[in-house]
Amino acid sequence: MKTSNLSSGTVIAAHGRHYFVEDENGDVRKCYTRGKRSGICVGDKVDFSVQSAEQGTIETIHERRNLLYRSDEARSKQFAANIDQLLIVVAAEPPFSEDLCGRALVAAEFADITPIILLNKADLPSVERARQQLQPLADLNIPIIELSALNEEQVKSLLYPILENRCTLLLGQSGMGKSTLLNTLIPEAQAHTQTHSEALGTGRHTTTSTRLYHIPGVTGQLIDSPGFQTFGLAHLEPSDIVRGFPEFVEELVNCKFYNCTHRHEPHCGIVAALKAGKIHPDRYALYERLLAEYEAQSRY
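Just so it is clear, the model here is predicted, and its values are computed rather than measured.

1. Let's talk about the pattern of salt bridges
Then, number 1: Taken as a whole and assessed by the stated rule, the structure comprises 14 salt bridges.
Then, number 2: Between Asp23 and Arg29 there is a salt bridge whose closest N-O contact spans 3.3 Å. Accessibility classification places Asp23 together with Arg29 in one group, the buried group.
Then, number 3: Arg263 is the partner of Glu295 in a salt bridge, and the nearest nitrogen-oxygen pair spans 2.6 Å. Of this pair, Glu295 sits in helix α9 (residues 281–298) while Arg263 sits in the loop between α7 (246–249) and α8 (269–275); the two residues are 32 residues apart in sequence, bridging distant segments of the chain.
Then, number 4: A relative accessible area of 29% means that Glu295 is categorised as partly exposed.

The structure is reproduced here in structure tokens:
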């Protein structure tokens, strides 16, 4: 039931069952949920009852446009909701995982989120190896932006037009320079982290938490997420996995059998495209791994 002190806002940080909610005036409150309700994440639009100038209670969650998350057989980890685009950070060195990058792309495609790859440390000689790793994705017309996160002018000139008027999730495995990029775009990010850490009573930097920032000088929002070393997609069914590979989808009409797994069946459009060089072997190998993981968990 709506009350006079009900306000609307966006979740800009989450820690356990404590949430920071920014209202339409830009004021931020530490909010809680009623009962044991959980599952709220950064980017969620919510209605909350005002308890004081500093605190509130979340009453309702608006319907999400999308949700990006990873999952394995044990648990799920939400990244953020209501995202316009995903900025995946990789680097010339240390070598990035093609598998993790590919999995993030599948998750984005399934959630209908536009992916962009950012190749950091592009000023290093080892960038050529990284370019070769990314070539199969460039062939799919996935945008790839090369820069050095230490070059503030370059970062802003290349990224401001992309970030304008959009909500962008910054994602990348540990060690790719994502924090450096964030600090270049949003200098006060570290201060925000410390402030919210103190407000949560943790007494430390909550670098493991997801946080939404307004980008200075740009009408856009950037969501920073923790670095990761695994990216399970246990929540995807086989048909969802196929959907995560855009180059597969147009070949489905050439499959003879409606329940084709695209591995050993005769007259499979995807296997035929693979043999014809229209699908990259590394992309197909990722598909096989994801399908094998799905089948393994289904046995238990």
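2. Quick look at unusual backbone geometry
Then, number 1: Cis geometry marks the peptide bond from Glu93 to Pro94, where omega comes out at 0 degrees.
Then, number 2: For Pro94, the location among the structural elements is in the loop between β8 (85–91) and α1 (98–110).
Then, number 3: One non-glycine residue, Asn141, adopts positive backbone phi at about 70 degrees.
Then, number 4: The residue Asn141 is located in the loop between α2 (127–138) and β10 (144–146) in this model.
Then, number 5: Positioned with a positive phi, His262 is a non-glycine residue whose angle comes to about 65 degrees.
Then, number 6: Locating His262 in the fold gives a position in the loop between α7 and α8.

Rules and cut-offs
Residues numbered from 1 in each chain as written. Predicted model: local features only at pLDDT ≥ 70, side-chain atom pairs only at ≥ 80, totals over all residues. Heavy atoms only, no water. Salt bridge = Lys/Arg side-chain N within 4 Å of Asp/Glu carboxyl O. Buried < 20%, exposed > 50% of the residue type's maximum accessible area, 1.4 Å probe, protein only. Helix = DSSP H or I, 4+ residues; strand = E, 2+ residues; numbered from the N terminus.

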